[in-house]
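Chain residues, written in single-letter form:
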Amino acid sequence: MSLLFRVALLGFSAPERSALAGCFRLVTHRVPRYEQVQLADHADLMVADADDDLSARQVLDSGRLPDTVLVGRRPLPGAAASLPRPVDPSQVLRSLDMLAAARALGRHGLAGAAGAARPVPWAATARGADPTEPRRSTIEAALDRTEARPMADAGGARTGSHGPDASPAPGAPQALLVDPSEIALRFLQTRLARLGVASRTARDSTEALSLLQRFDPDLVFIDAELAPASPLDGLALARRVRAEYETRVPPLPVFALASRIGEVDRVRATLAGCDALLAKPPADPELAALLARHGIGRADVDPAS
């Protein structure tokens, strides 16, 4: 099914708006697709200029931060993604894709240890949806359903944390996920759980290093583009983790994730001690193959199911 999402641009200079609008017009033969609309009230998702006070206030007043990709130096807690300037349309597109994927997960339900969750209404996502329906974000509904489900820590005890219940089975491999985006954390956590990997999450380097003092993960995933609020950026954190576990046998696998990947990015990730640099969000087959190479995950799970 070809899904069309309506996107509003809030703020930005004329050249920035032109670049973003041009990007939407060019990606007509893909899933999902995006169409620019002028009014935020008519939009399913938003891309906002975080450095523009009026745009930031409009997002806050609308209560739709979980549906918004921010671009600029001023992050707003609760936004789906925060990207740096200069505006990179490909990064914006990847972040919107992650939001679209989160809505798909919400529609089909996020499965936890207790079984499949009930579906969440997918309001106003594709053309033809009833515009009179309440425009409560699907992502907000999914977060509400999963927030009350505590996650298992490395010892199996229940703890409050970000994300759905990610304890596939007692004694399952444990992952540490580090990303400033709640949506990105939940998406990756859900995919790993389906592959038999439990996980704990952190929003910045300080929280990540604190968690590493309390549990010993089997693998680590780090967003290479941690928000400016993080004391260490993603690759600096990867170097720190690699140094902390330098003598571990077997070595601790450390993976970086990035919205945009070029040859220079791969070299920088390698120099930081990362075992792989993955596109964000990682595709299921790639994730399953990566875990298999490190002897982690469930061989009996089809990640495409």
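We now examine the sheet that holds strand β5 (residues 81-83). Pairing within the open sheet is parallel, and its five strands lie in the order β2-β1-β3-β4-β5. Each having just a single partner strand, β2 (33-37) and β5 make up the two edges of the open sheet. For this sheet, the mean inter-axis angle between neighbouring strands, taken without regard to orientation, is 25 degrees. Of the strand pairs in this sheet, strand β3 (residues 45-49) and strand β4 (residues 68-71) are connected by four bridges, and their pairing is parallel.

Taking 1.5 Å per residue as the helical rise, helix α1 (residues 14-26) with its 13 residues ought to reach 18 Å, and the 18 Å between its terminal C-alpha atoms agrees with that figure. Among the residues of α1, Glu16, Leu20, Ala21, Gly22, Cys23 and Phe24 are the ones counted as buried.

A separate point is helix α5 (residues 182-194). The first and last C-alpha atoms of α5 sit 19 Å apart over 13 residues, in line with the 18 Å expected at 1.5 Å per residue. Counting buried residues in α5 gives 12 out of 13 residues, a clear majority hidden from the surface. Looking at α5, one finds that the buried residues are Glu182, Ile183, Ala184, Leu185, Arg186, Phe187, Leu188, Gln189, Thr190, Arg191, Leu192 and Ala193. Structurally, the start of α5 carries an N-cap: the backbone nitrogen of isoleucine 183 is 3.3 Å from a side-chain oxygen of serine 181. A positive phi of about 85 degrees marks glycine 196, the residue just after α5.

Moving on, we come to the nonpolar core. Core analysis: the largest hydrophobic core is formed by 26 residues, its most contacted members being Tyr34, Val47 and Leu96. Broken down by secondary-structure element, the contributors of at least two residues to this core are β1 (4-10), α1, β3, β4, β5, α3 (89-108) and α5. Here this core gets seven residues from one element, more than from any other, and that element is α3. Residues contacting valine 47, with those up to four places away along its chain left out, are Val7, Ala8, Leu9, Leu10, Phe12, Leu20, Val69, Val71, Val92 and Leu96. Counting 25 residues, the second largest nonpolar core, distinct from the first, contains Val254, Ala256, Ala272 and Leu277.

What follows deals with the sheet that holds strand β10 (residues 219-223). Hydrogen bonds along the backbone pair up the strands of a sheet, which may run parallel or antiparallel. The strand order across the open sheet built from five strands is β9-β8-β10-β11-β12, with neighbouring strands paired in parallel fashion. The sheet is open, and its two borders are formed by β9 (198-202) and β12 (276-279), each paired with just one other strand. In this sheet, adjacent strand axes meet at a mean angle of 25 degrees when their direction is disregarded. Across five bridges, strand β8 (residues 174-178) lies against β9 in parallel orientation. Note on β9: the bridge partner recorded for leucine 176 is arginine 200. Each of β8 and β9 is contacted by helix α6 (residues 205-212), which is oriented at about 135 degrees to β9, the strand it contacts most. Across the sheet, helix α7 (residues 234-244) lies against β8, β10 and β11 (254-258), angled at about 160 degrees from β10, the strand it touches most.

Thresholds, definitions, all that
- Residues numbered from 1 in each chain as written.
- Predicted model: local features only at pLDDT ≥ 70, side-chain atom pairs only at ≥ 80, totals over all residues.
- Heavy atoms only, no water.
- Pairing = 2+ DSSP bridges.
- Helix = DSSP H or I, 4+ residues; strand = E, 2+ residues; numbered from the N terminus.
- Axes fitted to C-alpha atoms, helices over the stretch in contact; angles between N-to-C directions.
- Expected span 1.5 Å × (residues − 1).
- Buried < 20%, exposed > 50% of the residue type's maximum accessible area, 1.4 Å probe, protein only.
- Polar contact = N/O pair within 3.5 Å; in protein donor to acceptor, adjacent residues only side chain to side chain.
- Core = buried A, V, L, I, M, F, W, Y, C linked by side-chain atoms within 4.5 Å.
- Contact = heavy atoms within 4.5 Å.

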